[in-house]
Structures are given as C-alpha cells and as structure tokens.
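Geometric and topological summary
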Amino acid sequence: DMEGRPVIYRRFHDGTRWSELVKLGVSVQMMARYNAWFLEGVLESVGHKGQWTIICDIGGIALRSCDSTMMNFIHQLGALDAAHYPERLGKCFIINAPSFMPWFWRAISSW
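Residues numbered from 1 in each chain as written. Predicted model: local features only at pLDDT ≥ 70, side-chain atom pairs only at ≥ 80, totals over all residues. Heavy atoms only, no water.

Focus: the packing of helix H3 (residues 68-84) against helix H4 (residues 101-109)
Here is the rule: Axis lines are fitted to C-alpha atoms, over the contacting stretch for helices. Their N-to-C directions set the angle, which ranges from 0 to 180 degrees. Every helix listed is a DSSP run of H or I at least four residues long, and every strand listed is a run of E at least two residues long, numbered separately from the N terminus. Every angle not falling under 35 degrees, over 145, or within 65 to 115 is termed oblique; those three ranges are roughly parallel, roughly antiparallel and roughly perpendicular. Left-handed describes a crossing whose near helix is turned anticlockwise from the far helix by less than a right angle; the clockwise case is right-handed. Only heavy atoms enter the contact rule, under which two residues are in contact if any of them lie within 4.5 Å.
Between H3 and H4, the shortest axis-to-axis distance is 11 Å and the interhelical angle comes to 55°. If you check the angle between H3 and H4, you find them oblique. H4 is crossed by H3, and the crossing has right-handed handedness. Facing H3, whose interface residues are Met70, Met71 and Ile74, H4 presents Phe104, Ala107 and Ile108.

Here it is, written out as structure tokens:
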C-alpha cells in the first residue's frame, strides 16, 4: 500500500459453497489452518516485521452463500487472526459489498 505494507487480497465469491467443501472433507478447521499457513508465509516474506493491509472483495457473495458453515469459518478466521496476529493489521478494506452487508456486519461484529 502507500505506506509500504504488503497487501493481502481476499476474494470471496458466490461459487464458494462452504457446506459443499465440508462434504468433500475440507473442514472449517482446515480452512482456518490454511489461512494461518498463508499468513505465516506473508510474515516470512516481510521478515516478521510490520503490518499488512487486507482487502476483502465480497462483491460476488449472495445471501444464499451465508450458511452456518461460512459463518463458522468467518468466526474462526477472526478469532485466529485476533489471537495470533493482533498487531499485524494496518488497515482492512471491504469492497464491493452487497446490499445485505449491514445485516451481516451486525451478525458478526457482536462476536
């Protein structure tokens, strides 16, 4: 970004069926561990110094995608990031938010 932080771009789209992934044997815990592995790689690339900027592009998510598996994943992702990387987040941007985003934000911000 403009302040020299690495940018992590996460794109979520309607093609991701969270419960289908679980049926295929990809658990929510595995998805959260993949996120930790990815973030550890980012940390390694910056010498374990500084912060990062995250851009979450959620423009392709439909309300039907917001099942309990997805909510569980988002919850675990937030808990993992808060527990292990609390000082790393410089900025976070949510772009292309669908019209139901205020409802979704109310649901997850109370965690």
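Points about the pairing of strand S1 (residues 7-13)
Counted only if it meets this: Whether a residue is buried, partly exposed or exposed follows from its accessible area with a 1.4 Å probe, protein chains only, as a fraction of its type maximum: under 20%, in between, or over 50%, in that order. Should DSSP find at least two bridges between two strands, the strands are taken to pair.
Only one face of S1 is buried, namely the one carrying Ile8, Arg10 and Phe12, since none of Val7, Tyr9, Arg11 and His13 on the opposite face is buried. The sheet contact formed by S1 and strand S2 (residues 52-60) spans six bridges and is parallel. Following the sheet pairing, Tyr9 is matched in S2 by Ile55.

Some words on H3
How we decide: In this scheme, a helix's expected span is set at 1.5 Å multiplied by one less than its residue total.
The terminal C-alpha atoms of H3 lie 24 Å apart, and with 17 residues this matches the ideal 24 Å at 1.5 Å per residue to within 8%. Buried residues of H3: Thr69, Met70, Met71, Phe73, Ile74, Leu77 and Asp81, and no others.

Notes on the pairing of strand S3 (residues 89-95)
What counts, and what does not: When the strands point away from the viewer and the connection leading from the first strand across the helix to the second strand turns clockwise, the crossover is called right-handed.
Pairing geometry for S2 and S3, over six bridges, is parallel. From the neighbouring strand, Ile55 faces S3, where its bridge partner is Phe93. Chirality of the crossover, the property in question, places the unit of S2, H3 and S3 among those that are right-handed.

Quick look at the packing of helix H2 (residues 28-45) against H3
Condition: Note that Gly is not counted as nonpolar here; it falls among the polar residues with everything else outside the nonpolar set of Ala, Val, Leu, Ile, Met, Phe, Trp, Tyr, Cys and Pro and the charged set of Asp, Glu, Lys and Arg.
Look at H2 against H3: their axes get within 9 Å of each other, and the N-to-C directions meet at 35°. Here H2 and H3 pass one another in a crossing that is right-handed. Every residue of H3 that contacts H2 at Val28, Gln29, Met31, Ala32, Asn35, Ala36 and Leu39 is listed here: Thr69, Asn72, Phe73, Gln76, Leu77, Leu80 and Asp81. Residues belonging to the contact of H2 with H3 are distributed by class as follows: eight nonpolar, five polar and one charged.

Brief notes about H4
Our working definition: The arc refers to the directions leading from the helix axis to the C-beta atoms.
Listing the buried residues of H4 in full gives Met101, Phe104 and Ile108. Along H4, the residues classed as buried sweep out an arc of 60° about the axis, all on the same side. Where H4 is buried, its residues contact S2, H3 and S3.

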